[in-house]
Amino acid sequence: MRKFVFIFIIALTFLPTCALNTFAQKKEINDAIDKIKANKDLDKVEASMTKLLKDSVNRRKEKIWNLLFESLQKQYKAGNEKLYLKQKYDTAALFNIASRMFTAMTDYDSIDALPDKKGRVRPNMRKQNASTLNTLRPNLFHGGIYFIGKQNYQQAYSLFDQYISAADLPMFKSYNYSSKDKFLPVAAYWAAYCGYKMHDAKKVLHNTYLALKDKEHHESMMQYLAATYMLEKDTARSVETLKDGFRDYPKSNYFYAHLMDYYSRKADWKEATSLTEKALKADSTNLTVWLAHSTLLINTGDYEHSFLIADSLVKRDSTMAEAWLNAGLAKYNLGVNLDKSSQTFKQKRQQTLKYYKEALPYLEQYRKLAPQETDKWALPLYTIYLNLNMGKQFDEIDKIINGKPKN
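Residue numbers run consecutively from 1 along every chain, following the written order of its sequence. Only residues with pLDDT of 70 or above have their local features reported here, since the model is predicted, and side-chain atom pairs are shown and tallied only from 80 upward, although totals for entire chains, interfaces and linings are computed over all residues. In computing side-chain properties, one takes all heavy atoms of the structure into account and sets aside hydrogens as well as water.

A. Main features of the overall build of the chain. For the chain, the count of helices and strands is 21 helices and zero strands. Every radius of gyration here is taken over C-alpha atoms, with the globule rule written as 2.2 Å times N^0.38, N being the number of residues. Scaling as 2.2 N^0.38, a compact globule of 407 residues should have a C-alpha radius of gyration of about 22 Å, whereas the chain reaches 36 Å, well beyond that. In terms of overall dimensions, the chain has C-alpha extents of about 125 × 55 × 50 Å along its principal axes. Note on classification: 1.4 Å probe, protein chains only; a residue is buried when its accessible area is under 20% of the maximum for its type, exposed when over 50%, partly exposed between these limits. Expressed as a percentage of its 407 residues, the buried residues of the chain come to 42%. Of the contacts formed within the chain by residues at least 6 apart in sequence, a portion of 55% connects residues at least 24 apart. Only the protein chains shown count as covering a residue, and every accessible area follows the Shrake-Rupley method with a 1.4 Å probe. If you sum the accessible surface of the chain, you get close to 24,000 Å²; carbon and sulfur atoms cover 54% of it. Neither His nor the chain ends contribute to the count of charged residues, in which Lys and Arg are positive and Asp and Glu negative. By convention, the point assigned to a charge is CZ for Arg, NZ for Lys, CD for Glu and CG for Asp. Side chains of the chain give 62 positive and 45 negative charges; the mean places of these two sets differ by 6 Å. Strands are runs of DSSP state E lasting at least two residues, helices are runs of H or I lasting at least four, and both sets are numbered from the N terminus onward. The criterion used for residue contact is that any of the two residues' heavy atoms lie within 4.5 Å.

Have a look at this one:
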């Protein structure tokens, strides 16, 4: 008898709890229906239904999903009307509602399409929801652009990702976005741009193939790819991308400069020379490439040729500091090399001093333009002042090199 009473008491303990939960849920649903009818507290209805759907028991309850959809649609409609009437409204909120509606309806479609007890797949709301979202989908794209303008790259990426992902969802199969939506590559590019801004390599590379189809932004996408591969320490793919970029855009300073930097670090002057020749063939007026060519000639020991190029550059643009440096270093190196030669002392001394005198105005001008670059101008000027017996200037540069404060 005691055992029976114990079981009976346990049953009495648990049954009311289940009943209370069911009652509370019904009350919550009825409350949501009332609020939707009254068109008020729609955000609270959304939060309430979202909370219910987190319970796996409720995931297949169509009524809860419908209330969630209706609360979102009414919020979106109200916001859209306010914007249309030029009333005060947070534009970001409208795009975020569109995003949440897209998430909710696509989530439901994966449940709606589950096989029934007989294994049949018969989604009830797919056609209706797909039609709603198809109308709404452009707002994901425009929302992404909006959030880029606000520098909210994370939110912008989320919207672009939703826009792009729709092309692969079964519920949109009849719309054939992959072949008909001309904005897909553009969205992919902007998504990659957001990933680049966030320094998130995975996001940059996620839709690379599609983003490269955007012809308007193809050059920029190639740059982001090269930079991202380098960030991932994948030098081989970065260099290959730079080569592809230079092939397609030989006038672009970006691809040329980064490839030159790569070849210079490897001291691969043959490839650097070949690259420079191609760049000048594509655009013989590019002063940046001519400056790089002058630097390359210094590295390969062709000082006379380097000077001619650098001197012509400063005559065309007197603010080009590195051109002044190259002209000065070319003459300076000619003097240094001659000083090491086997010529008779008197002959080479006169010519060496001549080179130093010719180098001096260029290096002093470079110093004026780039006073912080002491590692580039200090030692050459030190050597020149010493050899030309310029005591005052030599003392000053000596203090700079030895780190002594000026008097």
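Now that the structure has been shown, we can carry on.
B. Highlighting the packing of helix H4 (residues 91–112) against helix H7 (residues 153–165). Inter-axis angles, ranging from 0 to 180 degrees, are taken between N-to-C directions of lines fitted to C-alpha atoms, where helices are fitted over the stretch in contact. Axis separation between H4 and H7 bottoms out at 11 Å; the angle between their running directions is 45 degrees. Comparing their axes, H7 and H4 come out oblique. Pair H4 / H7 crosses with left-handed handedness. In contact with Phe95, Asn96, Ser99, Phe102 and Thr103 of H4, H7 contributes Gln155, Leu159 and Gln162. In this classification, the charged set is Asp, Glu, Lys and Arg, the nonpolar set is Ala, Val, Leu, Ile, Met, Phe, Trp, Tyr, Cys and Pro, and all remaining amino acids, among them Gly, are polar. In the contact of H4 with H7, the residues fall into three nonpolar, five polar and no charged. For classification purposes, an angle smaller than 35 degrees is called roughly parallel, one larger than 145 roughly antiparallel, one from 65 to 115 roughly perpendicular, and anything else oblique. Helix crossings get a hand from a simple test, with the near helix turned counterclockwise from the far one by less than a right angle marking a left-handed crossing and a clockwise turn marking a right-handed one.

C. Quick peek at unusual backbone geometry. Unusually for a residue other than glycine, Asn176 sits at a positive phi of about 50 degrees. Here Asn176 shows up in the loop between H7 and helix H8 (177–180). Of note, His199 is a non-glycine position whose phi angle comes to about 55 degrees, a positive value.

D. Quick look at the packing of aromatic side chains. Here is the rule: rings of Phe, Tyr and Trp (six-membered ring for Trp) pair when centre to centre is within 6.5 Å. Planes less than 30 degrees apart are stacked, more than 60 are edge-to-face, and the remainder are tilted. For the structure on display, the rule yields 25 aromatic pairs. With 6.1 Å between their ring centres and 75 degrees between their planes, Tyr153 and Tyr193 make a pair best called edge-to-face. Placement of the pair is Tyr153 in helix H7 and Tyr193 in helix H9 (residues 184–197), with a sequence separation of 40 residues. What makes Tyr153 buried here is its relative accessible area of 15%. Note on Tyr193: relative accessible area 15%, which makes it buried. Where Tyr382 meets Phe394, the ring centres are 4.8 Å apart and the plane angle is 40 degrees; that geometry is what we call tilted. Pair noted here: Tyr382 is in helix H20 (residues 374–387) and Phe394 is in helix H21 (residues 391–401), with a separation of twelve residues, a long-range link. Look at Phe394 and you get buried, because its relative accessible area is 17%.

E. Seen up close, the nonpolar core. To define a nonpolar core, start from buried Ala, Val, Leu, Ile, Met, Phe, Trp, Tyr and Cys residues and group those joined through side-chain atoms within 4.5 Å. The biggest cluster of nonpolar side chains holds 62 residues, and the ones touching the most others in it are Met49, Ile148, Phe160 and Phe172. Sort the elements by how many residues they give to this core and H4 lands first, with eleven residues. The residues touching Ile148, leaving out its near neighbours within four places in the chain, are Tyr153, Ala156, Phe160, Trp190, Tyr193 and Cys194. With 38 residues, the next largest nonpolar core counts Tyr303, Tyr356, Tyr366 and Ile397 among its residues.

F. View of the environment of Asp261. Position of Asp261 relative to the elements: it lies in helix H14 (residues 253–265). Here Asp261 falls in the partly exposed class, since its relative accessible area comes to 41%. Along the chain, Asp261 and Asp283 lie 22 residues apart, while their C-alpha atoms are 20 Å from each other.

G. Summary view of the confidence of the model for the chain. Overall, the predicted model of the chain reaches an average pLDDT of 91, with 92% of residues at or above 70. Each residue carries a pLDDT score, the predictor's confidence in it, ranging from 0 to 100. Across residues 1–15, confidence stays below pLDDT 50; counting only partners more than four residues off in sequence or on other chains, it has one contact.

H. Highlighting the pattern of salt bridges. Whenever a carboxyl oxygen of Asp or Glu lies within 4 Å of a side-chain nitrogen of Lys or Arg, that contact is scored as a salt bridge. In this structure the tally under the stated criterion is 13 salt bridges. The partner of Arg100 in a salt bridge is Glu46, with the nearest N and O atoms 2.6 Å apart. On the criterion of sequence distance, the pair formed by Arg100 in helix H4 and Glu46 in helix H2 (residues 42–53) is long-range, its members being 54 residues apart. Classification of Arg100 by relative accessible area gives partly exposed; the value is 34%. A relative accessible area of 10% places Glu46 in the buried class. Asp244 is the partner of Arg247 in a salt bridge, and the nearest nitrogen-oxygen pair spans 3.1 Å. Highlighted residues: Arg247 and Asp244, both in helix H13 (residues 235–248), separated by three residues, approximately one helical turn. For Asp244, a relative accessible area of 24% corresponds to the partly exposed category.

I. Representation of the packing of H9 against helix H12 (residues 218–231) in the model. Between H9 and H12, the least distance of the axes is 10 Å, while the angle of their chain directions is 35 degrees. Pair H9 / H12 crosses with left-handed handedness. Taken together, the residues of H12 that come into contact with H9 (itself represented by Tyr189, Ala192, Tyr193 and Tyr196) are Ser220, Met221, Tyr224, Ala227 and Thr228. For the contact of H9 with H12, the per-class residue count stands at seven nonpolar, two polar and no charged.

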